Amino acid sequence: MGNLSRSKITLKRVYRLLYQPDFYLRAYGKLARNKGALTPGFTPETVDGMSLEKIDKIIQALRAERYQWTPVRRTYIPKKNGKLRPLSMPSWSDKLLQEVIRSILEAYYEPQFRDCSHGFRPKRGCHTALLRVSQKGRGTKWLIEGDLRACFDKIDHSILLNILREKFHDNRFVRLIERLLKAGYLEDWKYNQTYSGVPQGSIVSPILSNLVSDRLDRYVEDELIPQYTLGKRRRTNPPLCEIDLGCIRSSKDWGFINSSSIEPTGTEDSFS
């Protein structure tokens, strides 16, 4: 799938990949060793009691398009600034299916993400971002620091789904993700609908948020940076300007140049 991504080929019939039991076994191997695997969500279901029959039950529900996402259980954890961060905890079957979906999305989109992106990506993080700054930013005079406020909570569902539809021409696969986004959450055992955002703490949420933030990366790199860092002409070099003037005067003296309107390229005001 990585080769298809580099060629920017659109994908069809992706939904059929969800019928492969090997994907769920690999997802189980990755999730089972995490401490969160024993944390229940909306249902008391956890990694305990995992079996091939449970995987087959999920696949059969997907074949009939009857799979129902359960609402996530929301709790709050403290942040360093004293505020609270919402944390969503899905049920075990939803975790398993989300991991399969995440692996498919990551295999296709990861080669397309910009090199300047380091958040929620495999083998990338704060240290790789600092390494890039130390290598590429030695001549930097100033920096702009920003923060996407409530990024996970404010993502527009229609924008996210339209981004998916650009490359995934499979309505069943996109509808499955759409139902996930609108599954809702339980807070103090009271059901609440979700109209925007992705569940923070959910397995598939980081890759979905990166699909939206990638558009910001492309806008900054392709439009803002060229617009505000490149001038119409190169910066002049004073010693080279003196050489240009000397060559022009010598050429005029010897009659090689008759036009008096020629000026050296370095005599115009430099761009700063």
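Residues numbered from 1 in each chain as written. Predicted model: local features only at pLDDT ≥ 70, side-chain atom pairs only at ≥ 80, totals over all residues. Heavy atoms only, no water.

**Student:** Mind showing me how you'd approach the overall build of the protein here?
**Tutor:** Within the protein, the regular secondary structure consists of 10 helices and four strands. Beginning at the N terminus, the succession of helices and strands in the protein can be written as α-α-α-β-β-α-α-α-α-α-β-β-α-α. Across the 272 residues in the protein, those meeting the buried criterion constitute 35%. Accessible surface, the protein as shown: approximately 18000 Å² in total, 53% of it carbon and sulfur. (Helix = DSSP H or I, 4+ residues; strand = E, 2+ residues; numbered from the N terminus. Buried < 20%, exposed > 50% of the residue type's maximum accessible area, 1.4 Å probe, protein only. Areas by Shrake-Rupley, 256 points an atom, 1.4 Å probe, with all protein chains shown as cover.)

**Student:** I'm lost on the packing of helix α4 (residues 92–109) against helix α9 (residues 205–229) in this one. Help?
**Tutor:** In a packed pair of helices, the relevant descriptors are the angle between the two axes and the axis-to-axis distance. Two elements in contact, α4 and α9, have axes separated by 9 Å at closest approach and are oriented at 35 degrees. Between α4 and α9 lies a crossing of left-handed hand. Contacts between α4 and α9 involve Arg102, Leu105, Glu106 and Tyr109 from the former and Ile207, Leu208 and Leu211 from the latter. Looking at the contact of α4 with α9 residue by residue, the classes come out as five nonpolar, no polar and two charged. (Axes fitted to C-alpha atoms, helices over the stretch in contact; angles between N-to-C directions. Left-handed = near helix turned anticlockwise from the far one by under 90°. Contact = heavy atoms within 4.5 Å. Nonpolar A, V, L, I, M, F, W, Y, C, P; charged D, E, K, R; others polar.)

**Student:** Teacher, can you tell me more about the pairing of strand β1 (residues 72–78) here?
**Tutor:** Where a strand is regular, its side chains alternate between the two sheet faces. Judged from the two bridges that link them, β1 and strand β3 (residues 185–187) form a sheet pairing that is parallel. Counterpart to Val72 in the pairing with β3 is Tyr185. Bridge count between β1 and strand β2 (residues 84–89): six bridges; the pairing is antiparallel. Residue pairing in the sheet places Thr75 in a bridge with Leu87 of β2. (Pairing = 2+ DSSP bridges.)

**Student:** Would you mind showing me how to read the sheet that holds β1 here?
**Tutor:** The strands making up a sheet associate through hydrogen bonds between their backbones, and the pairing can be parallel or antiparallel. Taken in spatial order, the four strands make up an open sheet running β2-β1-β3-β4, and their pairing is mixed. With partners counted over all chains shown, the strands left at the sheet margins are β2 and β4 (190–192), one partner each. Along the sheet, successive strands turn relative to each other by an average axial angle of 40 degrees, direction set aside. In this structure, β3 lies alongside β4, joined through three bridges in antiparallel fashion. Counted as the bridge partner of Leu186 is Tyr191 from β4.

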